[in-house]
Every structure is written in structure tokens, then in C-alpha cells.
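A structural walkthrough
So the chains spell out like this:
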Amino acid sequence: MVVRSAAVLLVYVVAIALFCRSALVSGFDLGFGERGDAIIEIAILEHWRNVLAGVAAWDTSFYFHPYHATLGYNDGYLLYGLVYSGWRLIADPFHADTLNILTFKTIGFAAAYALVARSLGWGQRTGLAVALLWTVASNITLQAVHAQLQSVALQPVAMMLAIATVRAEQAGRLTRARFAAMGLALLLAAWLLTSYYMAWFTLFSACLYCACWAVVTRTWRPGDWIALLRRHAGTILAGVATFAVAILPFLRLYLPKVRETGGEAVDDMLGYLVTPVIDMINVGPGNIVWGWLFLPLFALVHRLLPDDPALPGRVLGGEHEAGFPLLFCALALLAAWRIVATRRIDGCRPAPATLRAFALAMIVAWLLTIQLWKASPWLLVFHLVPGAKGLRTISRYQLWLTLPLLLIAAAVWRQRARRLFRRRPWLAAGLAALLVAENLSAETPAQLSRAEQRAALMHISPPPPGCASFYVVATRPTEPLYISRELHARYPHNVDAMLLAELWRVPTINGFSTFNPPDWDFAEPRAADYDARVRRYAQRHRLRGLCRLDVRARPPWSRVTP
């Protein structure tokens, strides 16, 4: 028992060290995310801290004043906010944010290990291998620049609850089955209020699995489903009823915002689908094993359209670096083929129907994200499936698919891997090292310097007495260009205002999010008409006690005349 626990702890330490190596090397100065999105995320986490302190309504932040239910303009970060608020008892906002991510990575590692070793019964070695490769997965690591996506750590927890529900139901332990179903429902509802993408992908994938299971087991007729529902009505009702109640806060928050904003535009979504082959294995030019494959592609795009130097990054970098390393991708696809087409595992053992349905569903899910110019099967999902219009970056589905593909590969190759370790241990160790190494990259998602942000923001004095709300012209005397001129005009001053408002607990009219209020017009803070736009907004909303912050002025605070 001690040896087993020590092995788990050792692999966990290695996995976390590889994931957060940039933060470690920087002495934990660098946190996950970058100048824009990371500050927005920390502001939302501070909102939940304010909710727990009793100074803010759960659905209304201190930014986008005086609008209500402003949390609905972005991901809700509920579970993140609860964990973060605990860390804030001993850490500042930037360290607490990093510790929050590491907490969820720890949950993910432990849950993935438990899923494989215990729920699936595949043994400790397979469990550690899957947990390690999932924790350091290239796409999940690179996309940690968007911290909310690390909530994918809840995926194996949901899988274990689903498995526990089915097994308890089959064994006739109905009370246990119903409690597991209710736990799964509560998790999914909280997940939706934390990170919409990963929770929605979980629900959609579950529906795909059910459809594929019906096809594989030939129980797709209405009569078969009615009989199934009758046999398990109690457990199904317990789960559905719990979910229907628990999802009410999510619906109350987001449905009005969907009606207000219309959701994501289809043209915007089309830019973030998966290009066949390229995006499926896109680990970025910084990958230490496969990066050389993408350097010529970046050069080719630049050569074709040299007048747009940012084009290679837009079509190949950023959100597109969500693919799978080549060796792992090959092993997973070959394993899926064996399960679905040959219906065999390890040569002679038949693949159970549940595994065949799972592999088929995951491959179908992946194929749905493929883009052929402006055509894609995802267009059907976008227009027909509830909630799909809330998704723009469909390539993120590949992050969710990482664990399922690891499970598919483990199901087929684990016995052969054990035999290889017994017969040719050095070759097996080399292949294992390669599977880990092909996930590592010189690129890093840890880009936010704690020291730099504290130096820039923490010295700013709060609004003077009599200021009921404020807006920002400049929070920093100088500001390097943020990505592009267009984004620079929107992000820096607005996101700084969001964080300062939450820290000071004083409302700001500024803010920037996935969606913004209908009359938001606070870009270009140094434009000649910026103050006039603010005054019109203040008059429209009858704001009193509005103050102006410009750290370049002396004094930095001034009152706005109505």
C-alpha cells in the first residue's frame, strides 16, 4: 500500500511539475493566462469572493455598472470562485489564481487515476499512465492561457459518477444509484455556471454516446427506449429532476443574455473549426518533438499573404494549437479502428458494446468539428442543438476529447504495453518517454507576471469619498501594444477597471467580456470623444457621483459633472 501510494505521489509531482514548469522557473511570478483574459478571469473570481463576503449579488458584478446580471456576459466561474476564495485567505489575487488552477489540475489527476485504476479496473500502471499523459497533454496545457478550460478536470469525476449510477442500478442498489445520479446532475449544473464550453461538450457527448449505444446494441426502436425508461424510471427521474432544479440559476442568468446578444455569429464560429489533418495534430511550432512540422506551414502562409504578418498566427496559432501529438494520435485512431471496425481488443478479446459505442461516439464527435472551407457538419449542430450558439471556438472540443482518446488507446494497448515492458523494458521506457515528451512545448500559457501587475495596479489609490462609480482613461502611464491596435483599444483599460472595481468594491461602467451590454462604447480611451461618450452613457443611465481615473494626471481622480 505504501509503495502504491508513493508511486502515485511521485507521478503526480512529475506531472504537475511538467505542467507548471514555467511558473516554477519564474519563482511563481508567472501565472496562467495573459494580459487581457487572465485579468478578466481574476476579476470574476474576485466577484465570487465578494459574493461570499456578502457585498455583491451572485449574478451582478462591480463592472458594467449599472446593468444587472452582468455575470451572464461571460463564463460564470462558480466552482473556480469558491476554490479561489479559499486560497485568497492566504494569498494575493495572482498567486490565488495560480493555486486555483493547480487545485483543479490536482483534482483532474486524482480523478483520472481513480477512473482508470478503480472504476474501469485497468490497474495502477494504466491509471498512472493515463493520469500523467492527461495532465501534461499538449492541447490542454497550451490552452491554459484560457483558465476556464482547465475545468475539463471535472470530466473524469462526471464519468465516474455516470459509471457508478449505471453499475448500482444494474446491481439493484437503487438508493446508491439515485444518489450518484443526483450527484452527477449537481456537478453538471455547477459546471455550466463555471465553464460553459466544457460542460456543454460533456452533455452533448453524453447524448452522442447514448445514440451510438442504441445503434451498437440495436435498441434504437421507440419501444426499446420506452421499456428502458420504465425499468430505470426512478433513477432517471431522480437525476433529471435534480438537474432541472439545479440548472435554474444558470438559465435565469444566461437565457436573457442570449436573447439580448443573439449568441455567437456563425461566421465567427467558422473561423474556429478544425482543419482536417493540420489542426487535428496541431501542437504548435514550439513543440519539442513535432514543432518542426509546423514551421514550414507558418512560413508558407506568410509567403502567400506577406501583407498580413499576423495571418499565420490567426490560422495556425492560438486556439488552433489544440491538436494531439502525432504518436498519440496514431495510437488512438488505430485503437478506435480496432474497437469499432474489428470489434476486437488485443487481437482476440471481443470489445464490449459499451466500449464500441464510446469509441464510435468520440470519433463522430471529432468528425463533426471538421471544416472543409465554409462547409462543416458542425453547422447542423450549431443550428439544431440547444446551446450550440453559445460556442464560438469549436476547436476546444479537442481538449475535451483528449481523455476519451486516452481511454480508447489504453483499452486496446495496455496489455501489449505490459508485455513489452516485460520483454523489452528499455524500448518500452523509450516509447513512454516519447509519449510524454511529445506533449512538451517551448510555448507557455504562463504569461502574466505577478510582479508587473502588482507594480502597475496595487499602488493606485481607491476612488475618493463621494465617488459612487468610476471609469478609466488610463491605469498605467505607458502600455505596450496588446496583440493588435483593435484589441489594444478595447482590452487594457477595461480589464484593469474590472479588477480594480472588484478589489475596491466600487462599481465601474467599464468592462470587457465575451459579450458586452447593448450600449457599451468604451473603446479608444485616449480618443478625443471618449469622455463625451462616457457623459452620454452617464446621462442615459442617470448616474450620479461618477469619477474619472487617469493615472497620468495629477491628481489621478476627478469628478464628472453631470
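Note that the structure is predicted; figures quoted are calculated from it, not measured.

Procedures and definitions
Residues numbered from 1 in each chain as written. Predicted model: local features only at pLDDT ≥ 70, side-chain atom pairs only at ≥ 80, totals over all residues. Heavy atoms only, no water. Helix = DSSP H or I, 4+ residues; strand = E, 2+ residues; numbered from the N terminus. Buried < 20%, exposed > 50% of the residue type's maximum accessible area, 1.4 Å probe, protein only. Contact = heavy atoms within 4.5 Å. Areas by Shrake-Rupley, 256 points an atom, 1.4 Å probe, with all protein chains shown as cover. Lys, Arg positive; Asp, Glu negative; His and termini not counted. Charge placed at Lys NZ, Arg CZ, Asp CG, Glu CD. 1 Å grid on protein atoms, 1.4 Å probe; cavity = no way out; pocket = protein on both sides within 12 Å on 5 of 7 lines; lining within 4 Å. Points joined across faces, edges and corners; volume = space filled by probe spheres on them. Nonpolar A, V, L, I, M, F, W, Y, C, P; charged D, E, K, R; others polar. Pairing = 2+ DSSP bridges. Axes fitted to C-alpha atoms, helices over the stretch in contact; angles between N-to-C directions. Disulfide = S-S within 2.5 Å. Core = buried A, V, L, I, M, F, W, Y, C linked by side-chain atoms within 4.5 Å. Polar contact = N/O pair within 3.5 Å; in protein donor to acceptor, adjacent residues only side chain to side chain. Parallel < 35°, antiparallel > 145°, perpendicular 65-115°, else oblique. Patch = residues over 30% accessible without salt bridge, like charges linked within 9 Å, V, L, I, M, F, W, Y side chains within 5 Å. Salt bridge = Lys/Arg side-chain N within 4 Å of Asp/Glu carboxyl O. Expected span 1.5 Å × (residues − 1). Phe/Tyr/Trp six-rings, centres within 6.5 Å; stacked < 30°, edge-to-face > 60°. Lys NZ or Arg CZ within 6 Å of the ring centre and 35° of its normal.

The next subject is the overall build of the protein chain. The helix and strand tally for the protein chain stands at 25 helices and 7 strands. Overall, the protein chain is about 80 × 55 × 55 Å in size when its C-alpha atoms are taken along their principal axes. By the burial criterion, 53% of the 562 residues in the protein chain qualify as buried. Within the protein chain, contacts between residues at least 6 apart in sequence are counted, and of these 75% link residues at least 24 apart. Of the accessible surface of the protein chain, which amounts to about 25,100 Å², a share of 66% is contributed by carbon and sulfur atoms. For the protein chain, the centre of its 54 positive side-chain charges and the centre of its 34 negative side-chain charges are spaced 12 Å apart.

Space inside the second largest pocket adds up to approximately 940 Å³. As for the second largest pocket, its lining consists of 26 residues, of which Ala-129, Ala-417, Phe-421, Ala-432 and Leu-435 are closest to the centre. When residues of the lining of the second largest pocket are assigned to their parent elements, the largest contribution, 10 residues, is made by helix H20 (residues 397-423). Of the residues belonging to the lining of the second largest pocket, the class tally is 21 nonpolar, 1 polar and 4 charged.

Read across the sheet, 3 strands follow the order S5-S6-S7 without closing on themselves; strand pairing throughout is mixed. Pairing within the sheet leaves two strands with one partner each, and these edge strands are strand S5 (469-474) and strand S7 (557-559). Sheet twist, expressed as the mean angle between neighbouring strand axes with direction ignored, is 25°. Taken together, the 5 bridges between S5 and strand S6 (residues 546-550) define a ladder with parallel strand orientation. What sits directly across from Phe-470, in S6, is Cys-547. Along the sheet, helix H24 (residues 492-504) makes contact with S5, S6 and S7, crossing S5 at roughly 145°.

A few words now on the state of the cysteines. Per the stated rule, a full pass over the model turns up 1 disulfide. Paired through a disulfide, Cys-467 and Cys-547 show a sulfur-sulfur distance of 1.9 Å. Disulfide Cys-467-Cys-547: torsion about the S-S bond near -85°, hence left-handed. Taken as a pair, Cys-467 in the loop between helix H22 (450-457) and S5 and Cys-547 in strand S6 lie far apart in primary sequence, 80 residues in all. Just as Cys-467 is buried, Cys-547 falls in that class too. There is no disulfide at Cys-212, and the cysteine sulfur nearest it, in Cys-210, is 9.5 Å away.

Trp-378 and Phe-470 are the most contacted members of the largest nonpolar core, which totals 174 residues. Considering each element in turn, this core owes the most residues, 14 residues, to H20. Beyond its immediate sequence surroundings of up to four residues, Phe-470 is in contact with Pro-463, Ala-497, Leu-500, Ala-501, Trp-504, Val-506, Pro-507, Thr-508, Ile-509, Leu-546, Cys-547 and Trp-557.

Moving on, we come to the environment of Ser-376. In this fold, Ser-376 is placed in the loop between helix H18 (353-368) and helix H19 (378-384). Remark: the alpha-carbon pair of Ser-376 and Thr-275, spanning 101 residues in sequence, is separated by 10 Å. In this view, Ser-376 contacts Leu-273, Leu-368, Thr-369, Ile-370 and Gln-371; residues no more than four positions away in its chain are not counted. Engagement of the side chain of Ser-376 in a polar contact is seen with the backbone oxygen of Ile-370, the distance being 2.7 Å.

Between helix H17 (residues 326-342) and H20, whose axes approach to 8 Å, the crossing angle comes to 75°. Taken together, H17 and H20 sit at an angle that is classed as roughly perpendicular. Listed contacts from H20 to Phe-328, Leu-331, Ala-332, Leu-334, Ala-335, Ala-336, Arg-338 and Ile-339 of H17 are Thr-402, Leu-405, Leu-406, Ile-408, Ala-409, Val-412, Trp-413 and Arg-416. Taken together, the residues of the contact of H17 with H20 sort by class into 13 nonpolar, 1 polar and 2 charged.

For S6, a buried count of 4 out of 5 residues is recorded, marking the element as mostly surrounded by other parts of the structure. For S6 and S7, the ladder comprises 3 bridges, and the chain directions are antiparallel. Each bridged residue has a counterpart across the sheet, and for Cys-547 the counterpart in S7 is Arg-559. In sequence, S6 turns back onto S7 through a hairpin of 6 residues.

Together, Leu-229, Ile-236 and Val-240 make up an exposed nonpolar region whose accessible area comes to about 250 Å². Within the element layout of this structure, Val-240 appears in helix H12 (residues 233-246).

Under the criterion given, the structure shown has 4 cavities of 30 Å³ or more. Counted as a void, the largest cavity has a volume near 80 Å³. Lining the largest cavity, in full, are Leu-133, Ala-137, Ser-138, Asn-139, Phe-324, Pro-325, Phe-328, Thr-402, Leu-406, Leu-435 and Asn-439. Of all the elements in the fold, those that place two or more residues in the lining of the largest cavity are helix H7 (138-142) and H20.

Looking now at helix H3 (residues 37-52). Side chains of residues three or four places apart in an α-helix project in the same direction, reflecting 3.6 residues per turn. Along its 16 residues, H3 runs 23 Å from first to last C-alpha, staying within 8% of the 22 Å computed at 1.5 Å per residue. Among the 16 residues in H3, 13 count as buried, and that is most of the element. Backbone geometry just after H3 places Gly-54 at a positive phi near 80°.

All right, on to the packing of aromatic side chains then. Summed over the entire model, instances satisfying the criterion amount to 29 aromatic pairs. Plain terms: the ring middles of Tyr-63 and Phe-64 are 5.3 Å apart, the flat faces sit at 75° to each other, and that makes the pair edge-to-face. Ring-pair connections join several aromatic residues into one group, and the members of that group are Tyr-197, Trp-200, Phe-201, Phe-204, Trp-378, Tyr-397 and Trp-400. In this structure, Lys-105 packs its charged tip against the face of Phe-19, placed 4.3 Å from the ring centre. Over the ring of Tyr-197 we find Arg-396; its NZ or CZ atom is 4.6 Å from the centre of that ring.

Read these as layout, nothing more, since geometry by itself doesn't imply function.
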